[in-house]
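# What the coordinates show
In case you want the letters, here they are:
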Amino acid sequence: MEILSQMWSLLGLLTVLQNVLPSQLLSLLHSLYESLQDLLSPYSYFEIPEFNGYCGVDLNDLYRHAHLYLNAASHAPAAACRRLTLSRSPSSNRISFAVAPNHTVHDAFRGHRVTWTHHVETAQDSLEEKRSFTLRLPKRHRHGLLSPYLAHVTARAEEFERVSRERRLFTNNTSGSGSFESGWVSVPFRHPSTFETLALEPELKKQIKDDLTAFADGKEFYKRVGRAWKRGYLLHGPPGSGKSSLIAAMANFLCYDVYDLELTKVSDNSELRSLLIQTTNRSIIVIEDIDCSVDLTADRTVKKTQAAKLSLKSKKSQTSSFSRCEESGRVTLSGLLNFTDGLWSCCGEERIVVFTTNHRDSVDPALVRCGRMDVHVSLSTCGVHAFRELARNYLGVESHVLFDAVEGCIRNGGSLTPAHVGEVLLRNRGDADVAMREVLTAMQGRMLAVAAADQTENEEAMTAAVGVRSPESVLLMGSPENWDALSGKKRKEQHGGNNNWDKKVKFFVRLRSLTRSDPGR
């Protein structure tokens, strides 16, 4: 009791002195006390305020990184804190941990104990709060710990932000206002496709994942070799082969945003560059059906035609003609090439450009050469491994008695696209036997169609060998009467008027035309 009474007396004396002594003297005494404490303490303290300066507008990026680093749900220091604040946004299922105000979190780095304290102060006569973190490091090792530890905190924070943030799906805006300040509109990107559910051959799936991982971890490599940190993908294959699903799986694997660029909505190259500048880092820029978006190959034809005309004109007329070409007001091939690997392609980092097409041969060679489209992925019909993956995803079966029959159809040319197989399995997902029988029937029908097409090609080749065309091909070129006259004249020239042979050929041709159904009638 005597000790308590002495403590109360001391506190009373301090209160009286605080009210009596001038504020300048009290401030000096407080500074001397803190200096003495810093001198005797084995630790160094670093304050990290929420905002830079005194205006409270410029957010301190280091504070944001420290907040993300300490509030990671899987982070051991935050989980060991005595009091945490839990939160979850409406658009995410992830629970976010937050260190409670004026609480301390302990961490370890390179064998040393590191301490973070979250300070929250409320200004007098105001509702605004002043937040900051205090970092405590061992004084003897602070010079060797501070920089690498903060770099470690920043790297972990950026990784957590990339994984936990809500991804967005963007498309270019068609407001027509003439301003490019808001060229994109977005919605939350929640596509469920992943590499685990994707119907691809295991080897191809592994190669794509390894390439994406090497790209995401290649910041220092791209900087060292002097290349823009970007990657180009060309996905080509028939409709329904899974090109869009692969793009969604890539975005979910890397946790990137997706920018779906519609070239037909872009007025000219200037707007294209403006849209590119507005894309963020860690994103996938997609141009689907590149061979159908705009007539890019027309640029070469226009240039050749103008070059022929300009060779006959004066220098003045050449200048005016070229200016009209540049002011034609549309996206040109050169503008798209500059978008993929020109000077404007390096205005951001960690971005992937994806072109898709159903017909690879229809794409201009300048767009798909090395350095622009670095990876070419050929997506075809459903293979054996892909079919087993679809059956496991849709039906929940690892094996079935009809697997061998289905795989036999696939090897003999009866394979269907993953979209076709998926639709059949989805429609019959309640009964695996019915689903497998329907898939087998569809594949057998595909085999019959392929066999019929091969037979037709063989018949056309045989008739062409003797100088005779099938009636179906003739109908595409003109009437049978004209074809008969032309073919008869040609045969006379080739065979020297062999009338008996001509009559026999005409007889068999007319007989076939009577016995076959004519699709043109």
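Residues numbered from 1 in each chain as written. Predicted model: local features only at pLDDT ≥ 70, side-chain atom pairs only at ≥ 80, totals over all residues. Heavy atoms only, no water.

## With respect to the sheet that holds strand β8 (residues 184–188)
Under the convention used in this document: In this analysis, strands are considered paired if DSSP registers two or more bridges between them. Secondary structure elements follow DSSP: runs of H or I no shorter than four residues count as helices, runs of E no shorter than two count as strands, and numbering proceeds from the N terminus. Axis geometry follows a simple rule: fit a line to the C-alpha atoms, using only the stretch in contact for helices, then measure angles between N-to-C directions, giving values from 0 to 180 degrees. Any two residues whose heavy atoms approach within 4.5 Å at even a single point are treated as in contact.
A sheet is described by the order of its strands in space; here seven strands give the open sequence β8-β7-β10-β11-β12-β9-β13, paired in mixed fashion. The strands lining the two open edges of the sheet, one partner per strand, are β8 and β13 (375–378). For this sheet, the mean angle separating the axes of adjacent strands, direction not counted, is 20°. Pairing of strand β10 (residues 257–260) with strand β11 (residues 283–287) involves four bridges; the strand directions are parallel. In the sheet register, Asp260 faces β11, and the bridge partner there is Val286. Its contacts with the sheet place helix α8 (residues 243–254) against β9 (230–236), β10, β11, β12 (351–357) and β13, and it is angled at close to 170° to β12. Together, β7 (168–172), β8, β10, β11 and β12 form the strand contacts of helix α9 (residues 269–278), whose direction differs from that of β8 by roughly 40°.

## A look at the environment of Gly232
Test applied: When accessible area is computed with a 1.4 Å probe and restricted to protein chains, residues below 20% of their type maximum are described as buried, those above 50% as exposed, and intermediate ones as partly exposed.
Tracing the chain through its elements places Gly232 in strand β9. Classification of Gly232 as buried rests on a relative accessible area of 0%. Separated by 136 residues in the primary sequence, Gly232 and Val368 place their C-alpha atoms 8.9 Å from one another. Discounting residues that sit within four places of it in the chain, Gly232 has contacts with Val353, Arg372, Met373, Asp374 and Val375.

## Describing the packing of α9 against helix α13 (residues 333–341)
Cut-off, in case you're wondering: Angles are sorted into four bins: roughly parallel if under 35 degrees, roughly antiparallel if over 145, roughly perpendicular if 65 to 115, and oblique for all others. Whether a crossing is left-handed or right-handed is set by the direction in which the near helix is turned from the far one by less than a right angle, anticlockwise for left-handed and clockwise for right-handed. Gly falls in the polar group here, along with every residue not listed as nonpolar (Ala, Val, Leu, Ile, Met, Phe, Trp, Tyr, Cys, Pro) or charged (Asp, Glu, Lys, Arg).
Close contact between α9 and α13 brings their axes to 9 Å; oriented N to C, the two are set at 15°. Classified by the angle between their axes, α9 and α13 sit roughly parallel to one another. Both α9 and α13 take part in a crossing whose hand is right-handed. Taking contact as the criterion, the partners of Asn269, Leu272 and Leu276 in α9 are, on α13, Gly335, Leu336 and Phe339. Among the residues forming the contact of α9 with α13, the class breakdown is four nonpolar, two polar and no charged.

## So, the sheet that holds strand β1 (residues 43–49)
Spatially, the four strands line up as an open sheet ordered β1-β6-β5-β4, and their pairing is antiparallel. Each edge of the open sheet carries a strand with a single partner, namely β1 and β4 (103–109). For this sheet the average axis-to-axis angle between neighbouring strands, irrespective of direction, equals 25°. Summarising the sheet, β1 and strand β6 (residues 129–138) pair through seven bridges and their orientation is antiparallel. Across the sheet, the residue bridging to Ser44 is Leu137, located in β6. Here helix α3 (residues 61–70) sits on the sheet in contact with β1, β4, β5 (112–122) and β6, set at roughly 75° to β6.

## Quick notes on the pairing of β5
Remark: a regular strand shows side chains that alternate across the two faces of the sheet. When β4 meets β5, the two strands line up antiparallel, connected through seven bridges. Each residue of the ladder has a partner; that of Val105, found in β5, is Trp116. The turn joining β4 and β5, which pair antiparallel and follow one another in sequence, is formed by two residues; a positive phi near 55° is taken by Arg110. Here β5 runs beside β6; their pairing, made up of eight bridges, is antiparallel. The partner of Thr122 across the bridge, within β6, is Glu129.

## Considerations on a nonpolar patch on the surface
Threshold: To count toward a patch, a residue needs a relative accessible area over 30% and no salt bridge; like charges are then connected within 9 Å, while nonpolar side chains (Val, Leu, Ile, Met, Phe, Trp, Tyr) are connected within 5 Å. All accessible areas in this document rest on Shrake-Rupley with a 1.4 Å probe, and a residue is counted as covered only by the protein chains that are shown. In what follows, salt bridge is the name for a side-chain nitrogen of Lys or Arg lying within 4 Å of a carboxyl oxygen of Asp or Glu.
Together, Leu25, Leu28, Leu29 and Leu32 give the surface a local cluster of nonpolar side chains, amounting to about 360 Å² of exposed area. Turning to its location among the elements, Leu28 is positioned in helix α2 (residues 23–40).

## Notes on α3
Selection criterion: Polar contacts, as used here, are pairs of N or O atoms within 3.5 Å; protein pairs need one atom able to donate a hydrogen and one able to accept it. Residues neighboring in sequence count only if both atoms are side-chain atoms.
Three or more residues of α3 are buried, namely Tyr63, His65, Ala66, Leu68, Tyr69 and Leu70. For α3, the capping residue at the N-terminal end is Asn60, with a side-chain oxygen 3.1 Å from the backbone nitrogen of Leu62.

## Thoughts on the confidence of the model for the chain
As a reminder of what qualifies: For every residue, the predictor reports its confidence as pLDDT, a number between 0 and 100.
Summing up the model confidence of the chain, the mean pLDDT is 75 and the portion of residues at 70 or higher is 69%. The model gives residues 507–521 a pLDDT under 50, and that stretch makes nine contacts with residues more than four places away or in other chains.

## Topic: the nonpolar core
Quick note on the threshold: To qualify as a nonpolar core, a set must consist of buried Ala, Val, Leu, Ile, Met, Phe, Trp, Tyr and Cys residues joined through side-chain atoms within 4.5 Å.
One finds Leu246, Met250, Ile284, Ile352 and Val354 to be the most contacted residues of the largest nonpolar core, which totals 27 residues. Mapped onto this core, the elements with two or more residues apiece are α6 (202–216), β9, α8, β11, β12 and β13. Looking at this core element by element, the count peaks at seven residues for α8. Apart from residues lying up to four places away in sequence, Met250 is in contact with Phe195, Leu212, Tyr233, Ile284, Ile352 and Val354. Counting 25 residues, the second largest nonpolar core, distinct from the first, contains Tyr259, Leu263, Leu276 and Leu336.

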